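Observations on chain architecture
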Amino acid sequence: MKIVICGKGGSGKSTIVALMAHEYARQNKNVLVVDTDESNRGLHSILGNDSPADLMKYFGGKPAITEKIMAAMPDPSKVKIFENKWTFEDLPKEYVSYKNGIRLIAIGKIHDFGEGCACPMGILANQFLENLSLGEDDIVITDTEAGIEHFGRGIDRHADFILLVLDPSNESIRLAEKISEMTKDLEIPLYFILNKTDPEISSIIKEQIADPSLLIGEIPGDDEILKRGLRGVEMDIRNPYIEKITESLSSGI
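Quick look at the structure, then. (Residues numbered from 1 in each chain as written. Predicted model: local features only at pLDDT ≥ 70, side-chain atom pairs only at ≥ 80, totals over all residues. Heavy atoms only, no water.)

Regarding its fold elements, the protein presents nine helices and eight strands. For the protein, the spread of C-alpha atoms along the three principal axes comes to 55 × 40 × 40 Å. Accessible area for the protein stands at about 12000 Å²; split by element, carbon and sulfur atoms hold 49% of it. Between the centroid of the 28 positive side chains of the protein and the centroid of its 41 negative side chains there is a distance of 2 Å. (Helix = DSSP H or I, 4+ residues; strand = E, 2+ residues; numbered from the N terminus. Areas by Shrake-Rupley, 256 points an atom, 1.4 Å probe, with all protein chains shown as cover. Lys, Arg positive; Asp, Glu negative; His and termini not counted. Charge placed at Lys NZ, Arg CZ, Asp CG, Glu CD.)

To continue, consider the side chain of N126. Mapped onto the elements, N126 comes out in helix 4 (residues 119-130). On the basis of relative accessible area, N126 is assigned to the buried category, the value being 7%. Among the polar contacts listed, one links the side chain of N126 to the side chain of H158, at a separation of 2.5 Å. When residues no more than four places from it in sequence are discounted, the contact partners of N126 are R153, G154, I155, R157 and H158. (Buried < 20%, exposed > 50% of the residue type's maximum accessible area, 1.4 Å probe, protein only. Polar contact = N/O pair within 3.5 Å; in protein donor to acceptor, adjacent residues only side chain to side chain. Contact = heavy atoms within 4.5 Å.)

Within strand 4 (residues 102-106), five of the five residues are buried, leaving the element largely enclosed by the surrounding structure. A two-sided burial pattern is seen for strand 4, the buried positions comprising I102, L104 and A106 on one face and R103 and I105 on the other. As defined by bridge partners, strand 2 (residues 30-35) adjoins strand 4 across five bridges and the pair is classed as parallel. Counted as the bridge partner of V34 is I105 from strand 4. Direction of pairing for strand 3 (residues 97-99) relative to strand 4: antiparallel, over a ladder of three bridges. Within strand 4, the position partnered with Y98 by the bridge is R103. As consecutive antiparallel partners, strand 3 and strand 4 are separated by two residues, and within that stretch N100 has a phi angle of approximately 50°, a positive value. (Pairing = 2+ DSSP bridges.)

On inspection of all chains with the given rule, the structure shows nine aromatic pairs. Judged by centre distance (5.1 Å) and plane angle (65°), the ring pair of F59 and F82 falls under edge-to-face. In this pair, F59 sits in the loop between helix 2 (43-47) and helix 3 (61-72) while F82 sits in the loop between helix 3 and strand 3, placing the two residues 23 residues apart along the sequence. Look at F59 and you get buried, because its relative accessible area is 17%. Measuring from ring centre to ring centre gives 6.0 Å for F59 and W86, while their planes differ by 20°; the resulting arrangement is stacked. In this pair, F59 sits in the loop between helix 2 and helix 3 while W86 sits in the loop between helix 3 and strand 3, placing the two residues 27 residues apart along the sequence. Just as F59 is buried, W86 falls in that class too. Members of the aromatic cluster, joined through ring pairs, are Y58, F59, F82, W86, Y95 and F128. (Phe/Tyr/Trp six-rings, centres within 6.5 Å; stacked < 30°, edge-to-face > 60°.)

We now examine the nonpolar core. Ranked by size, the top nonpolar core spans 33 residues in total, and within it I3, M20, Y24, V33, I141 and L249 carry the most contacts. Broken down by element, this core gets its largest block of residues, eight residues, from helix 1 (residues 13-26). Ignoring sequence-local partners within four residues, the contact set of L249 consists of M1, I3, M20, Y24, F161, L163 and I216. With 28 residues, the next largest nonpolar core counts I69, F88, L91 and I105 among its residues. (Core = buried A, V, L, I, M, F, W, Y, C linked by side-chain atoms within 4.5 Å.)

With that out of the way, let us pick up the layout of surface pockets. Taken as a whole, the largest pocket spans an internal volume of roughly 560 Å³. Lining the largest pocket are 29 residues, with G10, S11, G12, T15 and K196 sitting closest to its centre. For the lining of the largest pocket, the secondary-structure elements that each account for two or more residues are helix 1, helix 2, strand 7 (190-197), strand 8 (215-220) and helix 8 (223-231). Classifying every residue of the lining of the largest pocket gives ten nonpolar, 13 polar and six charged. Taken as a whole, the second largest pocket spans an internal volume of roughly 280 Å³. (1 Å grid on protein atoms, 1.4 Å probe; cavity = no way out; pocket = protein on both sides within 12 Å on 5 of 7 lines; lining within 4 Å. Points joined across faces, edges and corners; volume = space filled by probe spheres on them. Nonpolar A, V, L, I, M, F, W, Y, C, P; charged D, E, K, R; others polar.)

So, in structure tokens, the structure goes:
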């Protein structure tokens, strides 16, 4: 199963990725977290993993992939990075961080001032997810950058489920409207997770969501989660709300 987690900046995407990854690992699933956010510096720490080297380096780095893109212009969709399908066992070990049943791969990060756009990372992320072949107990959870750029890159079309994290903000409600519109022709299920809520806030959000049937779960505000996130320490917390979400996904909703 391939799951894409998206949402506005600060909604709690990475926290939910970490909580879900640990929950699936407790269920003895083979878990791979794919970090496609070139700006996120802390996902590895809340997973409890070391920070892996950028996968882009395996393919020659940003210059090599940029060269492939330029050679394919004016149609960058013709860029071909992978010759064969990969399984979890084919992942280059020097680019995978592994701990407690969770593998982490980072597609690439922006490291230097003025180094240019993240387009090569988007193309690599797209083709990586497309060419990844899963076994029966394999779970891939993709953490995306804030907003909707990953939809423009086409990354989400390789998912079995898209989960949009909504925090208590009008921006989240508007983003839910836009993403619902963008995904209606994808034929990939889209669900919402309400994060950092209380009963009153939850009620207000539900009043503004056009289709409440898309709600797959709610995660109330939690001081322990907040403190661990602030300190950048492992989110190996059993959370009943996350358990229900993973159960729903595993059963096909």
